[in-house]
Amino acid sequence: MKKLSVTTENLFNKFLSETTKTKSEKVVVTIAIISFIVHLFLIFLVDFNWINPNDFSGLLKSPMVAIYTPFSFILLYEAYLLVYYLPKSTTKYIGKQYEIITLIIIRRIFKDLYKLEFTSDWFSKKDNILFTLDVLAVLILFYLIYVFYKILEVKQRPKISIEVEKFIELKKIIATILVPLFLLLAIYNFSHWIYENFYSLNQTAVSIKNTNKIFFEEFFTVLILIDVLLLLFSLFHTDKFNQVIRNSGFIISTILIKLSFNIDGVLNTIITVAAVLIGVLILYIHNKYEKLEASMN
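Residues numbered from 1 in each chain as written. Predicted model: local features only at pLDDT ≥ 70, side-chain atom pairs only at ≥ 80, totals over all residues. Heavy atoms only, no water.

## Some points on the pattern of salt bridges
A complete count under the given rule lists eight salt bridges for this structure. Among the ionic pairs, Lys125 bridges to Glu117, the shortest N-O distance being 3.7 Å. According to the relative accessible area criterion, Lys125 is partly exposed, its value standing at 30%. The exposure class assigned to Glu117 is partly exposed, which follows from its relative accessible area of 37%. The salt bridge partner of Glu293 is Lys240, with a shortest N-O separation of 3.4 Å. Placement of the pair is Glu293 in helix H10 (residues 266-296) and Lys240 in the loop between helix H8 (216-234) and helix H9 (241-260), with a sequence separation of 53 residues. You can call Glu293 partly exposed: its relative accessible area is 27%. Lys240 gets classed as partly exposed once you look at its relative accessible area, which sits at 30%. The structure contains a network of salt bridges with shared partners spanning Glu78, Lys96 and Glu99. (Salt bridge = Lys/Arg side-chain N within 4 Å of Asp/Glu carboxyl O. Buried < 20%, exposed > 50% of the residue type's maximum accessible area, 1.4 Å probe, protein only. Helix = DSSP H or I, 4+ residues; strand = E, 2+ residues; numbered from the N terminus.)

Structural data, given as structure tokens:
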């Protein structure tokens, strides 16, 4: 068991150490810059009819859409950071989920810029309405995430017991497994999407899966399962009502984010904002509950 523990610790340090995080950040930024230039070059080739690929997703329509590609790599790094914070703090781990869904909406805004129609009657066009709602959603989500971290900032950290230490060790094991799992998931989804979008003979396969859902729909499915697993294991070291409700509320929030990928239009934006709002309110009430308990003891 000791050998297994040492092996796990070594893998954890290899995948999720501060050094690895710093190196990963530099690699991702470099890839994001290169991918942006390559995407612009491809759009240039299409504009001059030097190449004529299938483009069912519309990613070669306008130079503005090229911003979508570097944002995709930034999102993958955010997914890595989410796993990085999993053993360190449950609330920061949840906060990273909210950051990711906000960045997904921002990426969607850049992708759909070419669809805008600048007319005097702005709200008569569906794409213009969706764009406006997405911009408002980003502003609301940005503020909610700020409030979430502000509530987290004032929270007193409890003393770490032996049971909590064991729980942290479990989260380290899960985080270590998640890194290669998410990497493989990202490679598979990206490869499959390239084939569907540029080599498929018809649009049927592409229409089934919206570009914004690639990787992250499965990603949040895995997160839901992990959250439920952590909730069950957390019962070994605490049976406090407010903590059980907090963790359950976070799971509900994650489920709503996952469901938003299966819905388009206005309802997608509403559900996403509602998911983050639930997380903020859950954390706020949880902290108030803890203060009340402390004053009663």
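The rest of the description comes next.
## What to know about the packing of helix H4 (residues 90-111) against H10
Two elements in contact, H4 and H10, have axes separated by 11 Å at closest approach and are oriented at 160°. Compared by their axis directions, H4 and H10 come out roughly antiparallel. Note on packing geometry: the crossing formed by H4 with H10 is left-handed. Where H4 approaches H10, its residues Thr91, Tyr98, Ile101, Ile105 and Arg108 are matched on the opposing element by Asn268, Thr269, Thr272, Ala275, Val276, Gly279 and Leu283. Partitioned by chemical class, the residues of the contact of H4 with H10 number six nonpolar, five polar and one charged. (Axes fitted to C-alpha atoms, helices over the stretch in contact; angles between N-to-C directions. Parallel < 35°, antiparallel > 145°, perpendicular 65-115°, else oblique. Left-handed = near helix turned anticlockwise from the far one by under 90°. Contact = heavy atoms within 4.5 Å. Nonpolar A, V, L, I, M, F, W, Y, C, P; charged D, E, K, R; others polar.)

## Digging into the side chain of Gln243
Mapped onto the elements, Gln243 comes out in helix H9. With residues near it in sequence (within four places) discarded, Gln243 still touches Thr238, His286 and Glu290.

## Some words on the nonpolar core
Grouped together as the largest cluster of nonpolar side chains are 65 residues, with contacts concentrated most on Ile100, Phe182, Phe215, Phe216 and Phe219. Counting only elements with at least two residues in this core, the list comes to helix H1 (2-16), helix H3 (68-85), H4, helix H5 (126-153), helix H6 (162-199), H8, H9 and H10. (Core = buried A, V, L, I, M, F, W, Y, C linked by side-chain atoms within 4.5 Å.)

## Notes on the environment of Phe110
Within the element layout of this structure, Phe110 appears in helix H4. Put simply, Phe110 and Thr69 are 41 residues apart on the chain and 9.8 Å apart in space, counted from C-alpha to C-alpha. Discounting residues that sit within four places of it in the chain, Phe110 has contacts with Met64, Val65, Ile67 and Phe71.

## Regarding the layout of surface pockets
By volume, the largest pocket amounts to about 1,100 Å³. Lining the largest pocket are 38 residues, and of these Ser72, Phe73, Leu76, Ala186 and Phe190 lie nearest its centre. Mapped by element, the contributors of at least two residues to the lining of the largest pocket are helix H2 (18-47), H3 and H6. (1 Å grid on protein atoms, 1.4 Å probe; cavity = no way out; pocket = protein on both sides within 12 Å on 5 of 7 lines; lining within 4 Å. Points joined across faces, edges and corners; volume = space filled by probe spheres on them.)

Spatial relationships are all this shows, so hold off on functional conclusions.
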